Every structure is written in C-alpha cells, then in structure tokens.
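# Coordinate inspection notes
Each chain, letter by letter, is given below.
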Amino acid sequence: MSIPQNPAPVNLVGLSREEIATLLREMGEKPFRAKQLWHWVYHRGETDFSAMTTLGTPLRTKLAETCVVARPHVVREQRSEDGTRKWLLRFPDGNEAETVYIPEDDRGALCVSSQVGCTLTCRFCHTGTQLLVRNLTAHEIVGQFMAARDAYGEWPSPTDESRQLSNIVLMGMGEPLYNYDNVAKAIGILLDNEGIAVSRRRITLSTSGVVPMIRRCGAELGVNLAVSLHAARDEIRDEIMPINRKYPLAELMAACREYPGASNARRITFEYVMLKGVNDSEADARALIKLVEGVPCKFNLIPFNPWPGSGFECPPIRHIERFANILFEAGYTAPIRMPRGRDILAACGQLRSDSLRERASLHKARLAAGEADDHAPAAAPLADASGAVA
Ligand code: SAH
Ligand code: SF4
C-alpha cells in the first residue's frame, strides 16, 4: 500500500500577480490579500510567513503549510578585487546557473542567466560548449535577482536612486529569446511598481540575434536591446556565430532599425567581442560603421575573455583602442569594457563548468570507491561537462 505524500510546497517567488490571486482565492481568501502577499514577497523580500503581520494568523499558518518563499541555493560566491561578485546558484533539480554583479561608477548591474547552458554554439563563448540542459523558469530568473538582493540587503525595495543593484542585464548564460515566455513573465514581475520595481529603462536584454523574437520583444516587453554582433560581415559571423546562417546580418539590422523606442535617447547596444586576427582590423571597424547606418546605436567593445581550448586570443589593447577610435571618429560611443572579475573566472559559463568538473570528478571518485551513485548531478551531462573544458 502506498503512503500518500504531501504535495511539494508552492514557491511564491516567480508567481505573477494573477497566480498569487488564484492561489489565495483557492484558499478561500478575499482578493485584497493578494496585494498584501505580493507586497511581502516582492517589496519587503520577506521569506518567513510568521513575519507577514498584515495577513492574520490563520492565513499565515495555512501559507506556511503549503508554500515557501525560496531563493535558489547559493553553492558558491566569489568576489573579485574589482568589486565584481559572482554567485553559482543551484535549483532544486540540481541544475546550476550563474549570476554576476558588475559594479559601475556608483552602482551596478546584475547579469542574470536565462538558460542552463545554451543551444547556440558561438565559438568564442564558454557557455556554448555546455549544451542546453534546460530553460530556466520565471521562478529561477526572478530568484537570481532576489538572491543577489539578499546579499546586498536591499529590502524593502529601495528607491531607484539609492540602489546598488540598479540595473538588470539578461546577459548571463543562455539565449533569452529562446526562452521567451519565462523571460517575459520574469520581466513582468521585476517591473511591477508595487514589488521589486526595476524600471523598464534599467533592464537590458541581450540576444545573439533571434530576429523574429526581437520584434516580439520590442512590441511586448519594450526593454533595452543589446545585440551580440561580433562581426560586420556574414562570412565571419557565420563562422563564429552559427545563428547568423539562419538570420543573416541584413535581417538582423532590419529588426534593429524597426526596434520600437530605438532613438538617440534609447540606443541599441551592439556588443562586439574583440578576437585577434578575426574581427579586429581597421577594415572591420569601417565595415561595422557601414553596417549599422541608420540604427540609433552605441557599441560595447569587449576584450575576449580567454578560456582553455577556445582557440581565440584577445588583441593587444592598443589594437582595440585603434578600433574604438575609428568608431568614435564616426560619431559612435564605443567604450572598451575592461574585463571584470578575471580573477574569479568571469567569462560567461566558466563558474558552472568549474563546478560541473568538480562534481564529475567527485562522481568518478565515488564510483571508483564503489559508493552508491546518489550524489550524481541530477540533469548535468557529465561526459559533455568534463569533456568540454579539457
Ligand atoms: N545569449 C545572449 C546573452 C548571453 S552572452 C547573447 O549572446 O547575447 C553575453 C555576452 O557575452 C555576449 O555578447 C557574448 O557574446 C559575450 N561573451 C561570450 N563569451 C565571451 C568571452 N569569452 N569573452 C568576452 N565576451 C564573451
Ligand atoms: Fe549562447 Fe550567447 Fe554564448 Fe552564443 S554568446 S553561445 S548565444 S550564451
């Protein structure tokens, strides 16, 4: 005879307003309770139901029996000398993703992951070696932000001016436009004025160029757009970013020109990873200027962050400066994004690979010692993980 199990508790982090309202309605509560619970979870950052004093004891007890307000588990936190902080977060199924805080002049941006791994195999990107394990849910995307906010003690939601975690960039692991529904739901939660309340102009979504979804992103989400360009000619982009074979530069540029709200005040950011001998010549800079004609834009020149086995190198800094000057003289903002957190493996995807490698060797050691295999990573592709980063 099977023993009936209690259903798993519902995590309120990542639920939309409507979902919270439905949950409470099903508990027999009045509609105004939804606003109160929303406030506790997303404005106050409260995780303990007994502290949610406006809710009344019976409801608090009921919630504590059936729900949790849970962040992803922080497996490892690293701090760089330059103020960059990086968290490796583990979700209940054992999968892991990275979130990085990048300090700017007075505050900073939180770089959030949208997938575990990535289906796109950009040659210079470490995440591209990891195969997609799965999309992150809205719970997990919002959870990354909330875990980082816990670390900065920024609860209740501070005013826009006084926040350390002022901006959010969807620029971590994964392609956000291939996980559109979860990303859109998470952005809706992050924007809500009575909760976390990050303003739309402080959220940037970075895409490798999923053209049809760029249109949808512009129409429905209206966040700032960053496009990982990395080459001004199809021959080169086809090689380093295979997605270009599906959506070539002309189509990508057309989608950028149409991006709603793109104006001089709200320009599209073109990210350009500088790869020695691949895309860093003066001719490349001039081709780039020609390519982006008519798009209100700025550039971010990113020195390639090396990783073992990539086969790419970062050009010398004076080379990058020369490239930046050509763009600058043509009237474009083109800052060189000095590498952040190199001492803590800041290249996209590196911390997770590091963790997978550790878990893979632990797993092998356990097998060799004849131990039961109950500590193996839940969904991590062990062979790929250990092979990808030889
Ligand atoms: N998939 C999305 C967002 C995540 S990648 C995209 O491609 O835009 C975030 C940025 O980091 C991209 O511009 C990517 O090209 C860049 N990047 C990846 N690997 C890098 C490396 N080794 N050095 C420097 N930048 C890198
Ligand atoms: Fe994926 Fe972006 Fe890396 Fe390309 S650069 S493999 S799209 S995460």
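Look up: the structure comes first, before these words.
Here we summarise the structure given alongside this text. (Residues numbered from 1 in each chain as written. Chains lettered and ligands numbered in written order. Predicted model: local features only at pLDDT ≥ 70, side-chain atom pairs only at ≥ 80, totals over all residues. Heavy atoms only, no water.)

### What about the layout of surface pockets?
If a probe the size of a water molecule is rolled over the atoms, the empty space left behind becomes visible. Taken as a whole, the second largest pocket spans an internal volume of roughly 210 Å³. Surrounding the second largest pocket, Asn-11, Val-13, Ala-70, Arg-71, Pro-72, Phe-91, Pro-92, Thr-137, His-139, Glu-140 and Gly-143 form its lining. Counting residues per element, the lining of the second largest pocket draws most heavily on helix α4 (residues 138-152), which supplies three residues. Its residues assigned to classes, the lining of the second largest pocket comprises five nonpolar, four polar and two charged. (1 Å grid on protein atoms, 1.4 Å probe; cavity = no way out; pocket = protein on both sides within 12 Å on 5 of 7 lines; lining within 4 Å. Points joined across faces, edges and corners; volume = space filled by probe spheres on them. Helix = DSSP H or I, 4+ residues; strand = E, 2+ residues; numbered from the N terminus. Nonpolar A, V, L, I, M, F, W, Y, C, P; charged D, E, K, R; others polar.)

### Quick word on the site of ligand 2
In the region of ligand 2, the neighbouring residues are Cys-118, Leu-120, Cys-122, Cys-125, Gly-128, Gly-174 and Ser-208. Its residues assigned to classes, the shell around ligand 2 shows four nonpolar, three polar and no charged. (Near = heavy atom within 4 Å.)

### Here we look at unusual backbone geometry
That bond from Trp-155 to Pro-156 is cis: its omega, -10 degrees, falls within 30 degrees of zero. Relative to the helices and strands, Pro-156 is located in the loop between α4 and β9 (165-170). Phi at Ala-197 is positive, roughly 60 degrees, even though this residue is not glycine. Along the chain, Ala-197 falls in the loop between α5 (180-191) and β10 (203-207). Unusually for a residue other than glycine, His-230 sits at a positive phi of about 65 degrees. Mapped onto the elements of the fold, His-230 is located in the loop between β11 (224-228) and α7 (234-240).

### A few points about the site of ligand 1
Around ligand 1, a shell composed of 18 residues is seen, among which Gly-174, Ser-206, Ser-228, His-230 and Asn-305 lie nearest. Between Ser-206 and ligand 1, the recorded distance is 2.6 Å, taken from a side-chain N or O atom to an oxygen atom. The separation between a nitrogen atom of ligand 1 and a polar main-chain atom of Asn-305 is 2.9 Å. Relative to its unbound accessible area of 530 Å², ligand 1 is 92% covered by the protein chains. Contributing elements (two or more residues each) for the shell around ligand 1: β10, β12 (268-274) and β13 (297-303). Across the shell around ligand 1, the residue classes break down as eight nonpolar, eight polar and two charged. (Polar contact = N/O pair within 3.5 Å; in protein donor to acceptor, adjacent residues only side chain to side chain. Areas by Shrake-Rupley, 256 points an atom, 1.4 Å probe, with all protein chains shown as cover.)

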